[in-house]
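Remarks on the overall topology
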Amino acid sequence: MTSTPATHRIGFVSLGCPKATVDSEHILTQLRAEGYAISPSYDEADLVVINTCGFIDDAIDESLEAIDEALHENGKVIVTGCLGAKGDIVRQHFPNVLAVTGPHATHEVMEAVHEHLPPQHDPFIDLVPAQGIRLTPRHYAYLKISEGCNHRCTFCIIPDLRGDLVSRPVNEVLGEAERLVAAGVKELLVISQDTSAYGIDVRYRTEFWNGMPVKTRMTELCSALGSLGVWVRLHYVYPYPHVDEIIPLMADGKLLPYLDIPFQHASPRILKAMNRPAASAKSLQRIHEWRAICPELTLRSTFIVGFPGETEEDFEQLLDFLEQARLDRVGCFPYSAVEGARANQLPDPVDEDTKQERLQRFMEKQAVISSEKLSARIGSRQRVLVDAVGESGTVARSAADAPEIDGLVYIEEPSDAQPGDFLDVRIVATDEHDMWGSLSGQP
């Protein structure tokens with residue numbers, strides 16, 4: 001009698017942004033589809049795949065440390081992701097890795113796995129759920145609608161790592177969304193490098209989904225996603241004019257009233273140096289118009305301080321913009337000289353002490369704004385999505401809070417809620433980041 005060979009086990013480390021997380025999910029899904037098991041530890045794995053990030057220095061260091069640890073603990077490592085696209089940096093540090101690929105490279109990763117661990121596939125027992133393998137909790141999922149970016153911001157190397165914009169067919173995106181919802185997902189987080197540009201590369205081609213024509217375009221995609229009966233949250237939205245079209249969808253409850261728009265700065269001179277075609281005055285006008293249509297709109301953004309050539313006057317313009325825009329959720333980063341970015345060649349670099357001083361002033365101002373905006377919610381009723389339940393109570397998020405990057409809603413009263421459940425709570429307290437809710441509705 002022939003014995004069945006032991007299943008090959010793959011260790012997996014996923015680093016980087018949500019777009020990299022989706023790449024990891026695709027690789028894991030293919031590994032399971034071909035009969036590989038996923039190992040939770042280095043010592044039980046036959047080899048390890050590491051999906052890296054290579055955007056800023058801290059991310060590069062984290063990726064290199066992960067590779068070093070995996071080589072030390074296991075010895076057989078395949079490297080994929082953005083760091084793999086940055087020339088020979090991985091091979092220079094670790095010449096004994098089995099293979100190196102760039103991002104969005106499921107096929108290349110699988111070829112490397114096949115070379116070192118040929119598959120032992122049994123179609124009768126190797127089952128993969130229809131929604132694929134995911135790294136997020138069961139109740140929310142990232143939905144990547146495109147790859148790459150057509151912008152050439154001087155501080156960014158994403159087009160060098162991931163190429164120009166390539167939109168996924170809209171029927172394919174919607175089909176994936178349907179499968180995720182059928183599997184129990186309650187919140188879809190739409191991601192890409194530039195969500196607003198979706199479909200521009202295929203001239204907004206019309207496809208068919210469930211017998212209905214749908215354009216490969218952000219507005220039509222959002223309208224269709226809004227019909228699935230779950231929370232739909234938009235990330236990485238560049239402020240093109242047609243973004244105005246989706247605000248009524250938010251006001252009508254078809255999309256979460258939430259926009260993640262990376263404004264990056266407010267000084268026209270710095271925006272020009274960044275190669276960002278935007279004007280703060282026009283942005284403020286549009287923000288006011290959006291809020292007039294959808295008063296519940298939550299705006300999240302990210303900014304860079306200490307960009308080469310940034311003067312105190314430029315920085316003050318940024319602080320003025322914060323004061324006038326009164327954004328709800330804000331992230332800020334000191335300029336980092338990413339290898340290969342054109343901004344590194346600009347004159348008048350800002351010294352590190354000044355960067356940190358401006359970062360502190362920026363965050364102090366935004367903390368006051370955030371605290372004021374959240375305190376205005378005290379007494380309101382909010383629908384929240386439960387993320388976790390423990391001895392100390394329930395941790396949830398409101399429509400204004402994306403997972404991992406925004407605030408939380410804490411509910412200290414006991415309940416039978418489970419992750420993925422919706423609750424209606426009355427907000428009884430806030431700080432500059434989070435809210436506290438009561439199921440009884442009593443402050």
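Residues numbered from 1 in each chain as written. Predicted model: local features only at pLDDT ≥ 70, side-chain atom pairs only at ≥ 80, totals over all residues. Heavy atoms only, no water.

**Some points on the overall build of the protein chain**
For clarity, the cut-off: To qualify as a helix, a DSSP run of H or I must reach at least 4 residues; to qualify as a strand, a run of E must reach at least 2; elements of each kind are numbered from the N terminus. Here the term buried applies to any residue with accessible area under 20% of the maximum for its type, exposed to any over 50%, and partly exposed to those in between, with areas from a 1.4 Å probe on protein chains only. We call two residues in contact when some of their heavy atoms are within 4.5 Å. For the accessible areas, the method is Shrake-Rupley and the probe is 1.4 Å, while residue cover comes only from the protein chains on display. His is not counted, nor are the chain ends, whereas Lys and Arg count as positive and Asp and Glu as negative. Each charge is placed at NZ for Lys, CZ for Arg, CG for Asp and CD for Glu.
Along the backbone of the protein chain there are 12 helices and 20 strands. For the protein chain, the C-alpha atoms occupy an extent of roughly 75 × 55 × 50 Å along the three principal directions. A total of 443 residues make up the protein chain; the buried ones form 54% of that total. Residue pairs at least 24 apart in sequence account for 73% of intrachain contacts in the protein chain once pairs closer than 6 positions are excluded. Of the roughly 20,000 Å² of accessible surface on the protein chain, 51% is carried by carbon and sulfur atoms. One finds the centroid of the 40 positive side-chain charges in the protein chain at a distance of 7 Å from the centroid of its 66 negative side-chain charges.

**Details of the packing of helix α1 (residues 18-33) against helix α4 (residues 106-116)**
Put simply, the rule is: Between N-to-C directions, angles span 0 to 180 degrees; the directions come from axes that are lines fitted to C-alpha atoms, helices contributing only their stretch in contact. Any angle from 65 to 115 degrees is called roughly perpendicular, while one under 35 is roughly parallel, one over 145 is roughly antiparallel, and all others are oblique. The sense of a crossing depends on the near helix, which, turned anticlockwise from the far helix by less than a right angle, makes the crossing left-handed and, turned clockwise, makes it right-handed. Amino acids outside the nonpolar list (Ala, Val, Leu, Ile, Met, Phe, Trp, Tyr, Cys, Pro) and the charged list (Asp, Glu, Lys, Arg) are all regarded as polar, and Gly is one of them.
At a minimum axis separation of 10 Å, α1 and α4 run at an interaxial angle of 45°. Taken as axis vectors, α1 and α4 run oblique relative to one another. In the crossing of α1 with α4, the sense of the turn from one axis to the other is right-handed. For the pair formed by α1 and α4, the contact residues are D23, H26, I27, Q30 and L31 on the first element and T106, V109, M110 and V113 on the second. Of the residues in the contact of α1 with α4, the class split is five nonpolar, three polar and one charged.

**Remarks on the pairing of strand β12 (residues 231-234)**
We count it as follows: Any two strands are treated as partners once DSSP identifies two or more bridges connecting them.
Of the two faces of β12, both are covered, the one formed by W231 and R233 as well as the one formed by V232 and L234. Both strand β9 (residues 187-191) and β12 contribute to a ladder of four bridges, which runs parallel. Looking across to β12, one finds that V190 is bridged to L234.

**What about the pattern of salt bridges?**
As a reminder of what qualifies: Salt-bridge detection follows one rule: a side-chain nitrogen of Lys or Arg within 4 Å of a carboxyl oxygen of Asp or Glu.
A complete count under the given rule lists 28 salt bridges for this structure. The residue K365 makes a salt bridge to E323 at a minimum N-O spacing of 3.0 Å. Residue K365 is found in helix α12 (residues 352-375), and its partner E323 is found in helix α11 (residues 312-325); the two are separated by 42 residues along the sequence. Looking at E323, the relative accessible area reads 38%, which means it is partly exposed. R329 is the salt-bridge partner of D401, the closest N and O atoms lying 2.4 Å from each other. Pair noted here: D401 is in the loop between β17 (393-398) and β18 (409-411) and R329 is in strand β15 (residues 329-334), with a separation of 72 residues, a long-range link.

**Focus: the packing of α11 against α12**
For the pair α11 and α12, the least separation of the axes is 10 Å and the interaxial angle reads 15°. Relative to α12, the element α11 is oriented roughly parallel. Considering the relative orientation of α11 and α12, their crossing is right-handed. The residues of α12 that touch α11, namely those facing E312, F315, E316, L318, L319, L322 and E323, are R358, R361, F362, K365, Q366 and I369.

**Quick look at the sheet that holds strand β1 (residues 9-14)**
Pairing between the strands of a sheet is mediated by backbone hydrogen bonds and can be parallel or antiparallel. Overall, parallel pairing links the five strands, which are arranged β2-β1-β3-β4-β5 in an open sheet. Edge positions in the sheet fall to β2 (37-39) and β5 (99-100), since each of these pairs with one other strand and no more. Here β1 runs beside β2; their pairing, made up of three bridges, is parallel. Note that in β2 the partner of G11 across the bridge is S39.

**A few points about the side chain of S192**
Which entries qualify depends on this criterion: By the criterion applied in these results, polar contacts are pairs of N or O atoms within 3.5 Å in which, for protein atoms, one can donate a hydrogen and the other can accept it, and in which residues neighboring in sequence qualify only through two side-chain atoms.
Relative to the helices and strands, S192 resides in the loop between β9 and β10 (206-209). Among the polar contacts made by the side chain of S192, one reaches the main-chain amide nitrogen of D194 at a distance of 3.1 Å. Contact partners of S192, with chain neighbours within four places excluded, come to K19, I145, S146 and Y236.

**Section: the pairing of strand β4 (residues 77-81)**
In terms of burial, β4 is a largely internal element, five of the five residues being buried. Alternating positions in β4 separate into two faces, V77, V79 and G81 on one and I78 and T80 on the other, with burial throughout. Relative to β4, strand β3 (residues 47-52) runs parallel, the two being bridged by five bridges. By the bridge assignment, T52 is partnered in β4 with G81.

**Some thoughts on the sheet that holds strand β20 (residues 435-438)**
The strand order around the closed barrel formed by five strands is β16-β17-β18-β20-β19, and the pairing between neighbours is mixed. Shown here is a sheet whose adjacent strand axes are inclined to one another by a mean of 50°, direction ignored.

**A few points about the confidence of the model for the protein chain**
The condition is simple: The pLDDT value tells you how sure the predictor is about a given residue, anywhere from 0 up to 100.
Averaged over all residues, the pLDDT of the protein chain equals 89, while 93% of them reach at least 70. Every residue in residues 123-127 is under pLDDT 50, and counting partners more than four places away or in other chains gives seven contacts.

**Re the packing of aromatic side chains**
The test is simple: Under the pairing criterion, centres of Phe, Tyr and Trp rings, with the six-membered ring standing for Trp, must be within 6.5 Å; the plane angle then separates stacked pairs below 30 degrees from edge-to-face pairs above 60, leaving the rest tilted. Each ring is checked for a lysine NZ or an arginine CZ that lies within 6 Å of its centre and within 35 degrees of its normal; such an atom marks a charge sitting over the ring.
Within this structure, the stated rule accounts for eight aromatic pairs. For the pair F263 and F321, a centre-to-centre distance of 5.6 Å together with 70° between the ring planes defines the contact as edge-to-face. Of this pair, F263 sits in the loop between β13 (258-260) and α9 (268-274) while F321 sits in helix α11, and the two are 58 residues apart along the sequence. By relative accessible area, F321 is classed as buried at 2%. Stacked on the ring of Y204, the Lys or Arg R217 has its end atom at 5.9 Å from the ring centre. Cation over ring: R233 sits above Y258, and NZ or CZ is 4.5 Å from the ring centre.

**Comments concerning a negative patch on the surface**
Applied cut-off: Patch membership needs two things, relative accessible area over 30% and no salt bridge, and members are linked within 9 Å if like-charged or within 5 Å if nonpolar (Val, Leu, Ile, Met, Phe, Trp, Tyr).
A cluster of acidic residues, D43, D57, D58, D61, E62, E65, D68, E69, E73 and E339, forms a negative patch at the surface. Checked against the element boundaries, E62 lands in helix α2 (residues 57-73).

**Concerning the environment of G340**
When you line up the elements, G340 lands in the loop between β15 and α12. With 180 residues separating them along the chain, G340 and D160 place their C-alpha atoms 8.8 Å apart.

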